[in-house]
Amino acid sequence: MRPGQANAFRLGAWAAFALACLAVVFSKLELSYDLSYFLPEARGADEQLLRDRAGDAPGSRLLFAIVTATEAATAEELAVDLSLRLQDADPFTRVLAVSQEAGLDDIPVFVWKYRYLLDDRALTPGGLREEITARLGDVLMLSSPALVRIIKADPTMAGLHVIDRLNAGGEMPPSFPVGEGFGSLVIAETRAPAFDLGGQRQALAALQGQFGELNEPDVGLEVFGMGVYGLGVQETIRQEATFRSILATVLVLAVLFAAFRKWSWVGAAGLPVALGLLAGLAAIALVFGKVHGITIAFGITILGITVDYPVHLLGHARATGLDRAIDNVMPSIAVGATSTALAYLGLALTGSSGLAQLAVFSLVGVLVAATATRWFLPALPLPRGDAPQAVGAYADADGAGALRSPRLSYLPVAIAIAASGIGVLQVDRFWSDDLSALTPIPAETLRRDHELRQATGAPDLRYVIIVEGSTRDEALSMVEELTAELQDARVRGIVERWMSPNVLLPSESTQRRRAAELPSTELLANWLDEAVRDTPFAVQAFEPFMTDVENSKELEITAANVMESPFAGVFESLLYEARGHWTALITLHGAVDFAGLSAWSSNATFLGNVHVVDLKVASESLVARYRAKVSMVIGLAASAILILLIAAERRFSRALWIVATALAGLGLTIVALTVMTGPLSVFHFVALLVVAGLGLDYGLFSSKPSTAVERKHTHRSVLVCVVSTSATFGVLAFSSIPVLGAIGTTITTGCLICWGLARLGST
Amino acid sequence: MIAALVTLAACAGSLPLPGDDVDAMSMIMSSLAMPGQEKLVFVEERQSPLFDEIVTVSGFLERLDDDTLVKVIEEPVPRRLSLGRELVTVESTGRARETAISRYPALAGLRSGLLGLIDRDAGALLRVFRPSVETAEDGWWLELVPRQARIERQLNRLVVHGCDETLIAVEVWLADGTVEQMRFVTPVSSGIE
């Protein structure tokens, strides 16, 4: 085969590969914005809960809509109007205006039908007498047909009592000052979980659309809730990723053009990167199906560094010709790319599906970009005799200017040893395990969310009690035992209120007991006769009550009944099956004394699978353990890289120097970042892998045995790589998304430090 | 004095009230004998599908402070209902339960109407209700329809009946058709001249 034919064949093969990747991406890839993808593998009930319920925690389906107006009454009235308009809207399971009167006609059918099995108060002659007397006062105070109807069938107000328990909350004022006006709250529970952003978008659109139709002047609408935050995060990621990707691309193109002075070469340098991106996307489409927005934003920026490969090759090609440049540069690129891929392989095995996606994306992307640099780039019909000239400023940075002191070459080794020592001794100072520090939701919004949840009695998302059982009924029975103990904690001021799935589905034994305790028709008639004596009530008015009590003895509540009710959403989030056992959650409402709660739980008489969880602590332990695991895996990857380097270079001292350069770069970057931004997060950690890869690359190229001319070109191409990497990630460093900001700062700092060390220590 | 005379004349002789309903209400209010400090003793006769017989309820209305109206039922079961600017408090047998008054628009409307009457404050009533006045030989009828749709959804109207400077009764017309009449048994004659 002639060279021309061979090149055409290669280009055709690469084009077919690119088309195949595109086909896979467009046919299989789905986008997701569920942050739980990035949570590591969990251990223990509390961490498991964090993972299981991330994005669908109890209360996370609630949207808080504040209608604002200049007058309190207007805000209250509009809030009621808005909630009435949304009652039958498909995206919502329940909508309630806080200012709306608790309508006696609004008791859901489920609660009304099963009220005597759901009511935790026993029906007794004395209790009935007290309730009948109380009802007389109610009727005389303000009568209404709805009240009369309720009293006839439910003089003990069992239905309203169950509703009170379901609400579990204190009373929110119908309106409250907001700025110079007033706000009134509408609470809407969405059908879709918080992480289902499509469903959340529909819910938000329905809310805003109906508010718009109120068509009132000088009023406003402010919506809070996990779903809204998720949409905000998605929008921020999209805007930031778009804006910063464009800016970074422009900067890289500018750097490349400044280096090559030929658009054809600049374009050629971009093609391996593009092929790497396509292959990375196709790989996660094949392996995972769904890709997280952060993987795309993060992965594309990380893969941006693979532009270094064509830069090295083309930079050398201009001086020595392409064939010699391939011989010269490709072994180092191959070692660098394989080392980076090994590090990402380690990351892929750490147990977080989001980071595994990122690792697979980067691993495949890096390998394909390196392969394309070797086998695709040389096949392009580039004007070979017209090699680009480097810019004068870069030309000065040649090998002649480099320090040659042998003693300085040990500098990276010394720094690496010192940094490792400090790192081991001061590990807690460098790392933050606070997941919340990573959220792109503004702190003020989170504070307001917490306030609204406390004020409306919505569950606090931080504290929860977990009960585990081998069957659903066992979990429910354990919750009932525990609830008796919780009464004691309430008396001691440790908790205020709580909500458990048992309010909607008592255990089978409790249902049987309550049904058995209901009096016979004859006995109830006697109790009623006694209760209405000395009151104007007519005993026959309570016929519906007697009928309903009798019928309740034959009833049984099943999970399916609850799932057909408007409470399906809250029930599902409080009782679920995972990994072969059932988990019931007790959510705490109002003020919680967590220290007291922990002490109470350790002294309480119940034992078994009950855990009091502070989700913040759980998230910290999850991340801390994850960091330890990542450290171990990365340590193994580093050993593999060292072996690879020794095997490839056959010189232990050079391999050691290269690894020491990378480690010293990492150590100094960690110290510099800690000084600049405070303790580092798990995303800094991932970005440090890229820094390690850069350190290896710079070390490889800087220590390459070569002629003075080759060394000069090596330093130039390394410098072009450093400038383009710093420009790209410098743009990210200013991102308002903590994840992207962390990556940008880390890689920019690390890139400059590694380059400095490699340059300083090269001999 | 002149207003009182005009009202008296209107009661006695079915003379047309001068001006529109607002003026008529203002005249009634200014002539009404209703010193705010005293208790207004009332009797209500209540019928209900729950009762064997008509129940007579007795008690009194009292202004507790600038914002709070108290309705006390003494017979047949003691109950005390405080209607404040923001809260409703129901007390019975030593237990008190508080809730926001805006959850009970009918009670909020009743509070505004009764406080306006006790204060003889036509302006306060006008802020909450649209008035209309009818007169006949046996007295005058002031119909107060809530301006706010939210209140009107529960409280259809209040009808205040009186003659001369004497307040005779207040009828509470709820939106579901229930009508409760509160008759005042010790109307106070003030020294209006």
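Residues numbered from 1 in each chain as written. Chains lettered and ligands numbered in written order. Predicted model: local features only at pLDDT ≥ 70, side-chain atom pairs only at ≥ 80, totals over all residues. Heavy atoms only, no water.

Participant: An account of the overall build of chain A is requested, with residue identities and associated values reported.
Facilitator: Within chain A, the secondary structure is distributed over 31 helices and 12 strands. Here chain A, with 763 residues, has 56% of them falling under the buried criterion. Total accessible area on chain A stands at roughly 30800 Å², and carbon and sulfur atoms take up 60% of it. (Helix = DSSP H or I, 4+ residues; strand = E, 2+ residues; numbered from the N terminus. Buried < 20%, exposed > 50% of the residue type's maximum accessible area, 1.4 Å probe, protein only. Areas by Shrake-Rupley, 256 points an atom, 1.4 Å probe, with all protein chains shown as cover.)

Participant: Please provide a residue-by-residue account of the overall build of chain B, values included.
Facilitator: Assigned secondary structure in chain B consists of 5 helices and 11 strands. Taken across its 193 residues, chain B has 49% of its residues classed as buried. A fraction of 38% describes how many contacts in chain B between residues 6 or more apart in sequence connect residues 24 or more apart. For chain B, the exposed area adds up to about 9100 Å²; of that, 50% sits on carbon and sulfur atoms. (Contact = heavy atoms within 4.5 Å.)

Participant: Talk me through the interface of chain B and chain A; I want residue IDs and the actual numbers.
Facilitator: Contacts between the two partners involve 35 residues from chain B, matched on the other side by 33 residues from chain A. Both sides together, the interface formed by chain B and chain A hides about 2900 Å², and carbon and sulfur atoms give 59% of it. Seen at the junction of chain B and chain A, the total is 0 salt bridges. Taken together, chain B and chain A are joined by 5 residue pairs in polar contact (both at pLDDT 80 or more). Those elements that place two or more of their residues in the side of chain B that touches chain A are strand S1 (40-46), strand S2 (55-63), strand S3 (69-75), strand S4 (79-83), strand S6 (95-100), helix H3 (105-119) and helix H5 (149-152) of chain B. Per-element accounting of the side of chain B that touches chain A gives the leading share, 4 residues, to S6 of chain B. (Buried area = accessible area lost by both parts, 1.4 Å probe. Salt bridge = Lys/Arg side-chain N within 4 Å of Asp/Glu carboxyl O. Polar contact = N/O pair within 3.5 Å; in protein donor to acceptor, adjacent residues only side chain to side chain.)

Participant: Describe the pattern of salt bridges, and please don't skip the residues or the numbers.
Facilitator: The final tally for this structure, using the stated rule, is 20 salt bridges over all chains. Among the ionic pairs, glutamate 44 of chain B bridges to lysine 71 of chain B, the shortest N-O distance being 3.5 Å. In this pair, glutamate 44 of chain B is assigned in strand S1 and lysine 71 of chain B in strand S3, connecting sequence segments 27 residues apart. Between glutamate 180 of chain B and arginine 46 of chain B there is a salt bridge, with the nearest N and O atoms lying 3.2 Å from each other. Linking glutamate 180 of chain B in strand S11 (residues 179-184) with arginine 46 of chain B in strand S1, this pair joins segments that are 134 residues apart in sequence. Accessibility classification places glutamate 180 of chain B together with arginine 46 of chain B in one group, the buried group. Linked by salt bridges that have partners in common, Asp119, Arg121, Glu131 and Arg135 of chain A make up one network.

Participant: Go over a nonpolar patch on the surface, please, and point to the residues and values.
Facilitator: All names here are of chain A. A contiguous nonpolar patch, built from Leu19, Leu22 and Phe26 and spanning about 350 Å² of accessible area, is present on the exposed surface. If you trace the backbone, phenylalanine 26 turns up in helix H1 (residues 3-28). Assessed through its relative accessible area of 70%, phenylalanine 26 is described here as exposed. (Patch = residues over 30% accessible without salt bridge, like charges linked within 9 Å, V, L, I, M, F, W, Y side chains within 5 Å.)

Participant: I'd like to hear about helix H22 (residues 521-532) of chain A, residue by residue, with values.
Facilitator: Residue and element names in this part refer to chain A. Here H22 contains 12 residues, and its C-alpha end-to-end distance of 16 Å stays within 8% of the 16 Å for a straight helix at 1.5 Å per residue. Buried within H22 are the following residues: Leu524, Trp527, Leu528, Ala531 and Val532. One side of H22 holds all its buried residues, which, seen down the axis, span an arc of 120 degrees. Contacts made by the buried residues of H22 are with helix H6 (125-141) and helix H23 (543-552). (Expected span 1.5 Å × (residues − 1). Arc of directions from axis to C-beta.)

Participant: Which residues make up the packing of aromatic side chains, and what values go with them?
Facilitator: Across all of its chains, the model carries 7 aromatic pairs over all chains by this definition. Centre to centre, the rings of phenylalanine 110 of chain A and tyrosine 114 of chain A are 5.4 Å apart; their planes meet at 55 degrees, and the pair counts as tilted. Owing to a relative accessible area of 7%, phenylalanine 110 of chain A belongs among the buried residues under this scheme. With a centroid separation of 4.3 Å and an interplanar angle of 20 degrees, the aromatic rings of phenylalanine 257 of chain A and tryptophan 263 of chain A are classed as stacked. A residue is classified by how much of its surface remains accessible, and tryptophan 263 of chain A, at 53% relative accessible area, is exposed. Taken together, the ring pairs in this structure connect Trp14, Phe17 and Phe376 of chain A into an aromatic cluster. Sitting above the plane of the tryptophan 112 of chain A ring, arginine 115 of chain A keeps its charged end 3.8 Å from the centroid. For the cation-ring pair, arginine 157 of chain B lies above tryptophan 173 of chain B, with the distance from its terminal atom to the ring centre recorded as 3.9 Å. (Phe/Tyr/Trp six-rings, centres within 6.5 Å; stacked < 30°, edge-to-face > 60°. Lys NZ or Arg CZ within 6 Å of the ring centre and 35° of its normal.)

Participant: Outline H6 of chain A, listing residues and values.
Facilitator: With 17 residues, H6 of chain A should cover 24 Å at 1.5 Å per step; its first-to-last C-alpha distance of 25 Å lies within 8% of that length. Three or more residues of H6 of chain A are buried, namely Leu128, Glu131, Ile132, Ala134, Arg135, Leu136, Gly137, Val139, Leu140 and Met141 of chain A.

Participant: I'd like to hear about the packing of helix H11 (residues 263-287) of chain A against helix H15 (residues 353-375) of chain A, residue by residue, with values.
Facilitator: Residues and elements named next belong to chain A. Between H11 and H15, whose axes approach to 7 Å, the crossing angle comes to 145 degrees. Where H11 crosses over H15, the handedness of that crossing is right-handed. Across the interface between the two elements, Pro272, Leu275, Gly276, Leu277, Ala279, Gly280, Leu281, Ala283 and Ile284 of H11 pack against Gln357, Val360, Phe361, Val364, Gly365, Val368, Ala369, Ala372 and Thr373 of H15. Considered class by class, the residues forming the contact of H11 with H15 number 13 nonpolar, 5 polar and no charged. (Axes fitted to C-alpha atoms, helices over the stretch in contact; angles between N-to-C directions. Left-handed = near helix turned anticlockwise from the far one by under 90°. Nonpolar A, V, L, I, M, F, W, Y, C, P; charged D, E, K, R; others polar.)

Participant: So what's going on with the confidence of the model for chain A? Which residues, and what values?
Facilitator: A low pLDDT means the predicted coordinates there should not be read in detail. The predicted model of chain A averages 79 in pLDDT, with 80% of residues at 70 or higher. Low confidence marks residues 386-405 of chain A, where pLDDT is under 50. Its contacts with residues over four positions away, or in another chain, come to 43 contacts. (pLDDT = per-residue confidence, 0-100.)

Participant: Requested: an account of the nonpolar core, with residues and values cited.
Facilitator: With 122 residues, the main nonpolar core has Phe110, Leu128, Leu504 and Phe545 of chain A together with Met29 of chain B as its most contacted residues. Judged by nonpolar contacts, the second largest core, of 103 residues, contains Leu277, Leu278, Leu281 and Ala692 of chain A. (Core = buried A, V, L, I, M, F, W, Y, C linked by side-chain atoms within 4.5 Å.)

Participant: Explain unusual backbone geometry to me, using residue names and the numbers behind them.
Facilitator: Looking along the chain, the bond that leaves glutamate 75 of chain B and enters proline 76 of chain B is cis, with omega of 5 degrees. Phi at methionine 157 of chain A is positive, roughly 55 degrees, even though this residue is not glycine. Positionally, methionine 157 of chain A belongs in the loop between helix H7 (145-153) and helix H8 (158-167). Phi is positive for aspartate 164 of chain B, close to 55 degrees, though the residue is something other than glycine. Mapped onto the secondary structure, aspartate 164 of chain B falls in the loop between strand S9 (155-163) and strand S10 (166-174).

Participant: Describe in detail the environment of proline 501 of chain A, supporting the description with residues and values.
Facilitator: All names here are of chain A. Locating proline 501 in the fold gives a position in the loop between strand S9 (495-499) and helix H21 (508-517). The buried category is assigned to proline 501, whose relative accessible area is 0%. Along the primary structure proline 501 and leucine 574 are separated by 73 residues, whereas in three dimensions their C-alpha atoms are 5.6 Å apart. When near neighbours in sequence (up to four residues on either side) are disregarded, proline 501 contacts Leu476, Phe571, Leu574, Leu575, Ala584 and Leu585.

Participant: So what about the state of the cysteines? Which residues, and what values?
Facilitator: Evaluation of the coordinates by the stated rule reveals 0 disulfides over all chains. The thiol of cysteine 754 of chain A is not disulfide-bonded; the next cysteine sulfur, from cysteine 751 of chain A, is found 7.6 Å away. (Disulfide = S-S within 2.5 Å.)

Participant: I'd like a description of the environment of phenylalanine 361 of chain A, backed by residues and values.
Facilitator: Residue and element names in this part refer to chain A. Relative to the elements of secondary structure, phenylalanine 361 occurs in helix H15. C-alpha separation for the pair phenylalanine 361 and leucine 278, spaced 83 residues apart in sequence, amounts to 9.4 Å. In contact with phenylalanine 361, other than residues within four places in its own chain, are Leu277, Gly280, Leu281, Ile284, Thr295, Gly299, Ile300 and Leu303.

Participant: Pulling in residues and values, what's your account of a negative patch on the surface?
Facilitator: Residues and elements named next belong to chain B. Residues Asp20, Asp21, Asp23 and Glu134 make up a contiguous surface patch of negative charge. Within the element layout of this structure, aspartate 23 appears in helix H2 (residues 21-31). Owing to a relative accessible area of 40%, aspartate 23 belongs among the partly exposed residues under this scheme. (Lys, Arg positive; Asp, Glu negative; His and termini not counted. Charge placed at Lys NZ, Arg CZ, Asp CG, Glu CD.)

Participant: Residue-level account of the pairing of strand S5 (residues 87-92) of chain B, with values.
Facilitator: Residues and elements named next belong to chain B. Two elements, S4 and S5, share 4 bridges in a ladder whose sense is antiparallel. By the bridge assignment, leucine 81 is partnered in S5 with valine 90. The loop that links S4 with its antiparallel partner S5 comprises 3 residues. (Pairing = 2+ DSSP bridges.)

Participant: Which residues make up the side chain of threonine 89 of chain B, and what values do they have?
Facilitator: Note on placement: threonine 89 of chain B falls in strand S5. Sequence-distant contacts of threonine 89 of chain B, that is, excluding residues within four places in its chain, are made with Arg80, Leu81, Ser82, Ala96, Arg97 and Glu98 of chain B.

Participant: Could you give an account of the environment of proline 519 of chain A, naming the residues involved and the relevant values?
Facilitator: By secondary structure assignment, the location of proline 519 of chain A is in the loop between H21 and H22. With 31 residues separating them in the primary sequence, proline 519 of chain A and glutamate 550 of chain A have C-alpha atoms 8.0 Å apart.

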